[in-house]
Amino acid sequence: MMDRGGFERRNVNCLRGRRHDLGRRMARIVPMAATSSNSHIRPAALHSPLSSIAAAARVAPSCLSSAPRPIHLEHLFGITTSRLIRKANCIKASVSGNTTQASTVDKESAFEWVKTDNRRMLHVVYRVGDLERTIKFYTECLGMKLLRKRDIPEEKYTNAFLGYGPEDSHFVVELTYNYGVDKYDIGTGFGHFGVAVEDVAKTVDLIKAKGGKVTREPGPVKGGRSVIAFIEDPDGYKFELLERGPTPEPLCQVMLRVGDLDRSINFYEKAFGMELLRKRDNPEYKYTIAMMGYGPEDTNTVLELTYNYGVTEYDKGNAFAQIAIGTDDVYKTAAAIKLHGGTITREPGPLPVINTKITACLDPDGWKTVFVDNVDFVKELEY
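None of these values were measured; they are calculated from a predicted model. All residue numbers here refer to positions counted from 1 along the written sequence of the relevant chain. Thresholds applied to this predicted model are a pLDDT of at least 70 for local features of residues and 80 or more for the giving and counting of side-chain atom pairs; totals over whole chains, interfaces and linings are not thresholded and use all residues. Think of the side-chain values as coming from all heavy atoms in the structure, minus any hydrogens and water.

J.: Pulling in residues and values, what's your account of helix 6 (residues 200-209)?
T.: Throughout, exposure labels follow a simple rule: accessible area from a 1.4 Å probe, protein chains only, divided by the maximum for the residue type, with under 20% read as buried, over 50% as exposed, and the rest as partly exposed. Secondary structure follows DSSP: runs of H or I at least 4 residues long count as helices, runs of E at least 2 residues long count as strands, and numbering of each begins at the N terminus. Among the residues making up helix 6, those that are buried are Val200, Thr203, Val204 and Ile207. Buried residues of helix 6, seen end-on, are gathered within an arc of 100° and therefore sit on one face of the element. Facing away from the buried side of helix 6 by more than 90 degrees, the exposed set consists of Lys202 and Ala209. Two residues form a contact once any of their heavy atoms are found within 4.5 Å. Buried residues belonging to helix 6 abut helix 5 (131-141), strand 5 (190-197), strand 6 (213-220), strand 7 (227-232) and strand 8 (238-243). Nitrogen and oxygen atoms within 3.5 Å of one another constitute a polar contact, given that in protein one can donate a hydrogen and the other can accept it, and given that sequence-neighbouring residues count only through two side-chain atoms. For helix 6, the N-terminal cap is aspartate 199; the gap from its side-chain oxygen to the backbone nitrogen of alanine 201 is 3.1 Å. Count one or two residues on from helix 6 and you reach glycine 211, which has phi positive near 90°. Arc definition: it is the arc formed by the directions from the helix axis to the C-beta atoms.

Right, here's the structure in full:
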């Protein structure tokens, strides 16, 4: 995904050796045996130096090049101990009040930092059953470019990164193929990816000519004027085609379903520093959507959260893995996430060998996100 190690450039043989060593250490999704069910495949972290979350799942803490340091909120967010004590003394009348006030101060300071952090959605990771087939569909039908590809035979998986521009400036997809696994369960929680095109009808005609599956013919969105269409890729992932003028970020949406929209909006605003760009309720069709992101929809990739009336839980399957987001400080990021109710699944710190700093978490609905240090991410891309 997105984290980059802090390697120093050495000779070619040395670099190859380190990459080989890294490939053997990186976490992977264990392919199922021929007799096992896909339902037993557990979503795992990314596989690759460029997916920085890669090694997290498999490498024991003792193998880390340096153990994650403890997080002290007052140091991270500039809150002095004396300030906290003064705050507490001001409300001594209530014991419970002391705890509440201190917590409020921490959350406010964390939120102020999160709003100023340099964040960008980097890539989305998911699993496919036939890598070459998917690459062909994305490049020929959706106009994406194959940015890079990496095979790790020792770990029995292959990654491919595709998108509409370089990884250091565009949101891309990271496809994972696990040897011998040709099918995954997408579940009911994942919704779709959004792709902006200048002519939806022409794009749909091309997809049909290539044998693609169209599930919703071009036409205005219900209750609006925007022209859209829906298609499915060879693995059943849905793509919404949105008719727009030229945009710097054609891969423009990731839609996920959530069980409590207001809870999710609050979490992504406070813990992730995203902005609520718009919210629309559709009582006729019994759903509400919220667009969250780090910039306007027409120029940035956004997260589309969908709440269906009365549905509080969804089956996430084992196909969709995670989204990666860049940050200037994974330690502060993890602290802010904890303060606002998120679950940290990988404590902040450097990955073994490559030293890229990352942290991973779950939102209130269990959707996984990995935050990667911005400087480390750029360094990894250099290799």
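J.: Talk me through the layout of surface pockets; I want residue IDs and the actual numbers.
T.: In this structure, the largest pocket encloses a volume near 750 Å³. As defined here, a cavity is a set of points on a 1 Å grid over the protein atoms alone where a 1.4 Å probe fits but cannot get out. A pocket is an open set with protein on both sides within 12 Å along at least five of seven lines, and residues line them when an atom is within 4 Å of a point. Every residue lining the largest pocket is counted, 30 residues in all, and those nearest its centre are Val221, Ile228, Glu240, Arg280 and Tyr287. Of all the elements in the fold, those that place two or more residues in the lining of the largest pocket are strand 5, strand 6, strand 7, strand 8, strand 9 (251-257), strand 10 (275-282), strand 11 (287-293) and strand 12 (302-308). Grid points are joined across faces, edges and corners, and a volume is the space filled by probe spheres set on the points.

J.: Tell me about the sheet that holds strand 10, and please be specific about residues and values.
T.: At least two bridges found by DSSP between two strands are what make those strands a pair. Taken in spatial order, the 8 strands line up as 6-7-8-5-9-12-11-10 in an open sheet, and their pairing is mixed. Two strands lie at the open edges of the sheet, namely strand 6 and strand 10, each paired on one side alone. On average, each strand axis in the sheet is tilted by 20° relative to the strand beside it, whichever way the strands run. Direction of pairing for strand 5 relative to strand 8: parallel, over a ladder of 5 bridges. Looking at strand 8, one finds that glycine 194 is bridged to glutamate 240. The strands touched by helix 6 within the sheet are strand 5, strand 6, strand 7 and strand 8, with strand 6 carrying the most contacts at an inclination of about 165°. Each axis is a line fitted through C-alpha atoms, taken for helices only over the stretch in contact, and angles between the N-to-C directions span 0 to 180 degrees.

J.: How would you sum up the pattern of salt bridges? Please name residues and give values.
T.: What counts as a salt bridge is simple: a side-chain nitrogen of Lys or Arg found within 4 Å of a carboxyl oxygen of Asp or Glu. With the rule as written, the count across this model stands at 15 salt bridges. Salt-bridge contacts for lysine 208 lead to glutamate 217; the nearest nitrogen and oxygen are separated by 3.0 Å. Look at lysine 208 and you get partly exposed, because its relative accessible area is 40%. Between glutamate 297 and arginine 278 there is a salt bridge, with its nearest N and O atoms 2.5 Å apart.

J.: Outline empty space enclosed by the protein, listing residues and values.
T.: Overall, the coordinates contain 1 cavity of 30 Å³ or more when judged by the stated rule. Along its surface, the largest cavity is lined by Met121, Leu256, Tyr268, Phe272, Met274, Leu303, Phe320, Ile323, Ile325, Trp367, Lys368 and Thr369. Only strand 13 (320-327) and strand 16 (368-373) provide two or more residues apiece to the lining of the largest cavity. Throughout this entry, Asp, Glu, Lys and Arg are counted as charged residues, while Ala, Val, Leu, Ile, Met, Phe, Trp, Tyr, Cys and Pro are counted as nonpolar. The remaining residues, Gly among them, count as polar. A per-class count over the lining of the largest cavity returns 10 nonpolar, 1 polar and 1 charged.

J.: Go over the environment of aspartate 117, please, and point to the residues and values.
T.: Summarising the element assignment, aspartate 117 is placed in the loop between helix 4 (95-116) and strand 1 (120-127). Along the backbone, aspartate 117 and aspartate 328 are 211 residues apart, and their C-alpha atoms lie at a distance of 6.3 Å.

J.: Tell me about the confidence of the model for the protein, residues and numbers included.
T.: The predicted coordinates of low-pLDDT regions are not to be read in fine detail. Averaged over the protein, the pLDDT score is 80; the fraction of residues at 70 or greater is 72%. Per-residue confidence from the prediction method is given by pLDDT, with values spanning 0 to 100. Considering only residues more than four positions removed or in separate chains, one finds that residues 1-67, a stretch of pLDDT under 50, has 206 contacts. Below pLDDT 50 for its whole length, residues 79-105 participates in 19 contacts with residues either more than four positions away or in separate chains.

J.: So what's going on with the nonpolar core? Residues and values would help.
T.: Soluble globular proteins tend to pack their nonpolar side chains together in the buried interior. Remark: nonpolar core denotes a set of buried residues (Ala, Val, Leu, Ile, Met, Phe, Trp, Tyr, Cys) joined through side-chain atoms within 4.5 Å. Formed by 57 residues in total, the largest nonpolar core has its most connected members in Tyr126, Tyr138, Leu142, Phe239 and Phe272. A per-element tally of this core places helix 5 first, with 5 residues. Non-local contacts of phenylalanine 239, meaning those with residues more than four positions away in its chain, are made with Tyr126, Tyr138, Leu142, Met144, His192, Phe193, Val195, Ala229, Phe230, Ile231 and Asp233. In this structure, Leu351, Ile354, Ala360 and Phe377 belong to the second largest nonpolar core, which totals 9 residues.

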